[in-house]
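One letter stands for each residue in the lines below.
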Amino acid sequence: MLNKVAELLKEVESFAAKNIEELEQFRIKMLAKKGAITALMSEFRNVSNEDKKAFGQQINNLKQTTQQKIIALKEQLDQTINSSNKKMDLTRSAEQVQLGARHPISVVRNEILDIFSRIGFMVSEGPEIEDDWHNFSALNFPPEHPARDMQDTFFIEKEVALRTHTSSVQVRVMENQTPPIRTVSPGRVFRNEAISARAHCIFHQVEGLYIDKDVSFADLKQTLMYFAKEMFGEKTEIRLRPSYFPFTEPSAEVDVSCNICSGKGCNVCKHTGFLEIMGCGMVDPNVLENCGIDSSVYTGFAFGMGIERIAMLKYQVNDLRHFFENDLRFLKQFTSAY
Ligand code: DAH
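Residues numbered from 1 in each chain as written. Predicted model: local features only at pLDDT ≥ 70, side-chain atom pairs only at ≥ 80, totals over all residues. Heavy atoms only, no water.

1. As for the side chain of Gln-170
Then comes step 1: Tracing the chain through its elements places Gln-170 in helix α7 (residues 167-176).
Then comes step 2: Setting aside its immediate chain neighbours within four residues, Gln-170 contacts Leu-139, Glu-207, Leu-209, Val-287 and Ala-302. (Helix = DSSP H or I, 4+ residues; strand = E, 2+ residues; numbered from the N terminus. Contact = heavy atoms within 4.5 Å.)

Here you go:
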């Protein structure tokens with residue numbers, strides 16, 4: 001008889017229920033009127049007097065253990081039901097999905113490319129690691145030009161460097177295509193500069209190039225005016241100041257009227273009413289010849305702008321470093337830009 005009690009105790013201790021139904025079956029099997037424990041209790045009277053005490057204790061213990069086990073299992077099952085019910089609460093409002101945003105530099109690059117694509121400019125790209133020919137020599141840089149110095153340029157080998165401007169791509173395009181050529185080249189450029197609010201050793205440029213018969217400075221001016229108005233608004237004016245670049249002749253620096261004070265004069269434009277946005281000029285005949293284009297037949301213009309600079313003016317950002325720090329408080333402000 002005691003064996004039977006021990007056997008049942010083992011069964012109770014090792015029992016596990018997958019669900020409420022299984023647990024209820026178990027309860028009926030053990031504790032119901034016709035259950036195993038109830039049946040054992042009715043054997044009590046057949047036990048000899050000397051064994052009655054021990055048997056009584058054992059069977060009480062078995063009954064209590066069974067009851068406690070059932071309560072514990074029920075609690076466990078209730079908890080899992082509750083938590084799985086929570087997942088199924090169909091009345092709960094949906095969790096908000098956090099939308100990502102394009103980086104402001106990508107936003108502005110896309111906008112620049114889009115503006116030029118509307119007047120027939122194709123996009124072309126070139127390598128970030130560039131040889132001396134494409135970055136300097138073909139662009140008419142004299143051998144002693146300071147940009148060829150280690151202090152300004154990151155060299156990898158003697159004649160190989162990280163490109164210092166995307167003008168290198170115009171050389172590659174002219175070498176490989178015949179005019180008419182109309183292209184814009186976006187990309188990353190590298191300069192050995194100290195990082196500050198206005199300069200960084202890595203930044204982005206878009207280069208523009210137009211080569212055909214009879215391309216004139218007036219075409220350049222008109223193209224830049226169209227760009228400035230599309231980018232900064234219909235009221236924007238441009239101003240060209242004579243300048244020098246080895247690869248263009250004549251060359252100019254392009255200013256746009258300050259979009260903060262509308263040209264009246266403020267801190268941002270240092271009370272001049274204008275802000276510098278890019279360099280430009282007529283492609284030097286030497287450059288055309290270096291790239292296999294007959295300079296007695298074709299002329300062309302080129303321009304180059306920093307994307308960070310355009311983005312700073314457009315969104316009134318006063319420190320270039322914001323674009324590289326990936327601070328979400330900054331980046332999230334561009335969620336609605338395209
Ligand atoms: N490559 C020049 C720079 O990085 C920008 C530039 C100026 C590009 C004049 C041009 C140009 O195509 O005509 O500063």
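2. Focus on the site of the ligand
Then comes step 1: With respect to spatial proximity, 15 residues lie near the ligand, and among them His-165, Ser-167, Arg-191, Gln-205 and Glu-207 are the closest.
Then comes step 2: Measuring from an oxygen atom of the ligand, one finds a backbone N or O atom of Ala-302 at 3.2 Å.
Then comes step 3: Look at the ligand: alone it shows 360 Å² of surface, and the protein chains cover 90% of it.
Then comes step 4: In terms of residue class, the shell around the ligand is built from five nonpolar, eight polar and two charged. (Near = heavy atom within 4 Å. Polar contact = N/O pair within 3.5 Å; in protein donor to acceptor, adjacent residues only side chain to side chain. Areas by Shrake-Rupley, 256 points an atom, 1.4 Å probe, with all protein chains shown as cover. Nonpolar A, V, L, I, M, F, W, Y, C, P; charged D, E, K, R; others polar.)

3. Let's talk about the domain arrangement of the chain
Then comes step 1: You can read the domains of the chain as domain 1 (2-82) and domain 2 (104-331).
Then comes step 2: The centre of domain 1, based on its C-alpha atoms, is set 86 Å off from the matching centre of domain 2. (Domains from an automatic or database assignment.)

4. Digging into the sheet that holds strand β5 (residues 181-190)
Then comes step 1: An order of β1-β5-β6-β10-β9-β8-β7 is seen for the seven strands of this open sheet, with the pairing classed as mixed. This sheet does not close on itself; its edge strands, each paired only once, are β1 (122-123) and β7 (238-245).
Then comes step 2: With five bridges connecting them, strand β9 (residues 274-283) and strand β10 (residues 299-306) associate as antiparallel partners. Bridged to Gly-281 within β10 is Ala-302.
Then comes step 3: Strands β1, β5, β6 (202-212) and β10 of the sheet are contacted by helix α5 (residues 104-117), whose axis makes an angle of about 165 degrees with β5.
Then comes step 4: Here helix α8 (residues 217-232) sits on the sheet and contacts β7, β8 (248-257), β9 and β10; the angle it forms with β9, its principal contact strand, is near 150 degrees. (Pairing = 2+ DSSP bridges. Axes fitted to C-alpha atoms, helices over the stretch in contact; angles between N-to-C directions.)

5. Structural notes on the packing of aromatic side chains
Then comes step 1: Evaluated as defined, the whole model comprises 15 aromatic pairs.
Then comes step 2: Geometrically, the ring pair formed by Phe-15 and Phe-26 is stacked, given 3.8 Å between the ring centres and 5 degrees between the ring planes. Remark: Phe-26 occurs in helix α2 (residues 20-31) and Phe-15 occurs in the loop between α1 (2-14) and α2; sequence separation between them is eleven residues.
Then comes step 3: Members of the aromatic cluster, each reached through a chain of ring pairs, are Phe-116, Phe-121, Tyr-210, Phe-227, Phe-301 and Phe-303.
Then comes step 4: In this structure, Lys-52 packs its charged tip against the face of Phe-44, placed 5.6 Å from the ring centre. (Phe/Tyr/Trp six-rings, centres within 6.5 Å; stacked < 30°, edge-to-face > 60°. Lys NZ or Arg CZ within 6 Å of the ring centre and 35° of its normal.)

6. Comments concerning the packing of α5 against helix α10 (residues 307-315)
Then comes step 1: Running from N to C, α5 and α10 point in directions that differ by 100 degrees, and their axes come no closer than 9 Å. The orientation of α5 with respect to α10, classified from their angle, is roughly perpendicular. Contacts between α5 and α10 involve Ile-105, Val-107, Val-108, Arg-109, Glu-111 and Ile-112 on the former and, on the latter, Ile-307, Glu-308, Ile-310, Ala-311, Lys-314 and Tyr-315.
Then comes step 2: In the contact of α5 with α10, the residues fall into eight nonpolar, no polar and four charged. (Parallel < 35°, antiparallel > 145°, perpendicular 65-115°, else oblique.)

7. Here's the deal with unusual backbone geometry
Then comes step 1: Cis rather than trans, the peptide bond between Pro-179 and Pro-180 has omega equal to 5 degrees.
Then comes step 2: The residue Pro-180 is located in the loop between α7 and β5 in this model.
Then comes step 3: A cis amide bond links Glu-249 with the next residue in sequence, Pro-250, at an omega value of -5 degrees.
Then comes step 4: By the element assignment, Pro-250 lies in strand β8.
Then comes step 5: Backbone geometry places Lys-270, a non-glycine residue, at a positive phi of 50 degrees.
Then comes step 6: With a relative accessible area of 60%, Lys-270 lands in the exposed category. (Buried < 20%, exposed > 50% of the residue type's maximum accessible area, 1.4 Å probe, protein only.)

8. Considering the sheet that holds strand β3 (residues 155-157)
Then comes step 1: Taken together, three strands build an open sheet; the order of strands is β2-β4-β3 and the sheet is antiparallel. Edge positions in the open sheet fall to β2 (129-131) and β3, since each of these has one partner strand only. In this sheet, neighbouring strand axes are inclined to one another by 35 degrees on average, regardless of whether the strands run parallel or antiparallel.
Then comes step 2: Note that β3 and strand β4 (residues 160-162) share two bridges and pair antiparallel. Following the sheet pairing, Phe-155 is matched in β4 by Ala-161.

9. A closer look at α8
Then comes step 1: When the terminal C-alpha atoms of α8 are compared, their 22 Å separation across 16 residues agrees well with the 22 Å that a helix rising 1.5 Å per residue should span.
Then comes step 2: If you check which residues of α8 are buried, you get Leu-220, Thr-223, Leu-224, Tyr-226, Phe-227, Ala-228, Met-231 and Phe-232.
Then comes step 3: Taken together, the buried residues of α8 touch α5, β7, β8, β9, β10 and α10.
Then comes step 4: Among the residues trailing α8, Gly-233 stands out with phi positive, at a value near 120 degrees. (Expected span 1.5 Å × (residues − 1).)

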